[in-house]
Amino acid sequence: MATKRASQTKIGRPVDTAVFPGSFDPLTFGHVDIITRSAEIFDKVIVGVLYNPSKNLLFTQEERVALIEKQFEKYKGRIEVVSFSGLLVEFVQSIKSRVIVRGLRAISDFDYEAQMALVNRKLAPHIETFFLTAREEHSYISSTVVKQVAMLGGDVSNMVPPVVAKALAKKYQERKGVGRRSDSR
Ligand code: ADP
């Protein structure tokens, strides 16, 4: 039996703005790819950087936003970076969008992502979640892996844009300096 939704023929207005939310701690080539591909589908992509003080993040809110802005500075107007806190659906509504974009790397991402999409649909039925599958060559990349490699001095140049690789090197250099100073006390 067809569901009410599937059998209805009323089609709403198309959406021109999509939201790609995340922590981006830090931005990786996986994120860059999803943002770029979304911008080829939607007129405008808002990269929503979640402000979550309870999460233990390496980069501050301002630093995460600045790194994404730097990477996409050529696309101002098409790709914008906005901080948000609280409920994602409220943020999406506040900027008059109806589409959440998420990236899927593996089946392991699916459980969590499908659950979040269903919760968001319960909260705001008119908002849709779009999933883009990660490119094969990015499917192993996560912000966590990037931080682990960078912390140990490994090469992350094939996982993050140069601006992020530089910021990571600086961050861990500063941390080493702080560690050394407190060791010598
Ligand atoms: P969150 O804490 O919301 O998961 P992330 O910054 O880790 O924030 O991820 C934001 C989005 O980017 C998520 O949809 C995630 O699945 C997607 N993503 C992360 N890494 C990749 C990747 N390598 N390829 C494609 N999508 C990715």
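Predicted, not measured: the structure shown is a model, and the values here were computed from it.

Caption draft 1: Highlighting the overall build of the protein chain. Regarding its fold elements, the protein chain presents seven helices and five strands. Mapped from its N terminus to its C terminus, the protein chain presents α and β elements in the order α-β-α-β-α-β-α-β-α-β-α-α. Each principal axis of the C-alpha distribution contributes one length, and for the protein chain these read about 70 × 35 × 30 Å. Every one of the 185 residues in the protein chain was classed for burial, and the buried ones make up 39%. A sequence separation of at least 24 residues applies to 75% of the contacts in the protein chain between residues at least 6 apart. A total accessible area of about 11,700 Å² is found for the protein chain, and carbon and sulfur atoms account for 55% of it. On the protein chain, the mean spot of the 28 positive side-chain charges and the mean spot of the 20 negative ones are 3 Å from each other.

Caption draft 2: How the structure looks around a nonpolar patch on the surface. A cluster of nonpolar residues, Leu87, Val119 and Leu123, forms a patch on the protein surface that exposes about 250 Å² of accessible area. Structurally, the position occupied by Leu87 is in the loop between β3 (79-84) and α4 (88-94). Leu87 sits in the partly exposed class, given a relative accessible area of 43%.

Caption draft 3: Region of the structure containing the pattern of salt bridges. This model, assessed by the stated rule, comprises ten salt bridges. Glu128 is the salt-bridge partner of Arg121, the closest N and O atoms lying 3.1 Å from each other. On the basis of relative accessible area, Glu128 is assigned to the partly exposed category, the value being 26%. The partner of Glu174 in a salt bridge is Lys170, and the shortest N-O contact between them spans 3.7 Å. With a gap of four residues between them, Glu174 and Lys170 both fall in helix α7 (residues 162-183), about one helical turn apart. Classification of Glu174 by relative accessible area gives partly exposed; the value is 43%. Overall, Lys170 belongs to the exposed group, its relative accessible area being 55%. Salt bridges sharing common partners tie together Asp33, Arg37 and Arg135.

Caption draft 4: The arrangement of the side chain of Glu113 in detail. Of note, Glu113 is situated in helix α5 (residues 107-123). Look at Glu113 and you get buried, because its relative accessible area is 7%. Once residues lying within four places of it in the same chain are set aside, the contact partners of Glu113 are Arg102, Gly103, Leu104 and Phe131.

Caption draft 5: Local environment of the site of the ligand. Around the ligand lies a shell of 16 residues, among which Ser23, Phe24, Gly103, His138 and Ile141 are the nearest. Contact between the ligand and Lys55: an oxygen atom at 3.3 Å from a side-chain N or O atom of the residue. Arg105 places a side-chain nitrogen or oxygen 3.4 Å from a nitrogen atom of the ligand. Its free accessible area being 550 Å², the ligand has 87% of it covered by the protein chains. Mapped onto the shell around the ligand, the elements with two or more residues apiece are β1 (17-22), α2 (29-39) and β4 (99-104). A class-by-class count of the residues in the shell around the ligand yields six nonpolar, six polar and four charged.

Caption draft 6: Summary view of the pairing of β1. Counting buried positions along β1 yields six of six residues, so the element is predominantly enclosed. Residue alternation in β1 divides its side chains into two sets, Thr17, Val19 and Pro21 and Ala18, Phe20 and Gly22, and both sets are buried. Of the crossover connections in this fold, the one passing from β1 over α2 to the parallel strand β2 (residues 44-50) is right-handed. Pairing geometry for β1 and β4, over two bridges, is parallel. Across the sheet, Ala18 pairs through a bridge with Val99, a residue of β4.

How each quantity is defined
- Residues numbered from 1 in each chain as written.
- Predicted model: local features only at pLDDT ≥ 70, side-chain atom pairs only at ≥ 80, totals over all residues.
- Heavy atoms only, no water.
- Helix = DSSP H or I, 4+ residues; strand = E, 2+ residues; numbered from the N terminus.
- Buried < 20%, exposed > 50% of the residue type's maximum accessible area, 1.4 Å probe, protein only.
- Contact = heavy atoms within 4.5 Å.
- Areas by Shrake-Rupley, 256 points an atom, 1.4 Å probe, with all protein chains shown as cover.
- Lys, Arg positive; Asp, Glu negative; His and termini not counted.
- Charge placed at Lys NZ, Arg CZ, Asp CG, Glu CD.
- Patch = residues over 30% accessible without salt bridge, like charges linked within 9 Å, V, L, I, M, F, W, Y side chains within 5 Å.
- Salt bridge = Lys/Arg side-chain N within 4 Å of Asp/Glu carboxyl O.
- Near = heavy atom within 4 Å.
- Polar contact = N/O pair within 3.5 Å; in protein donor to acceptor, adjacent residues only side chain to side chain.
- Nonpolar A, V, L, I, M, F, W, Y, C, P; charged D, E, K, R; others polar.
- Right-handed = clockwise from strand over helix to strand, strands pointing away.
- Pairing = 2+ DSSP bridges.

So yeah, pure geometry; function would need other evidence.
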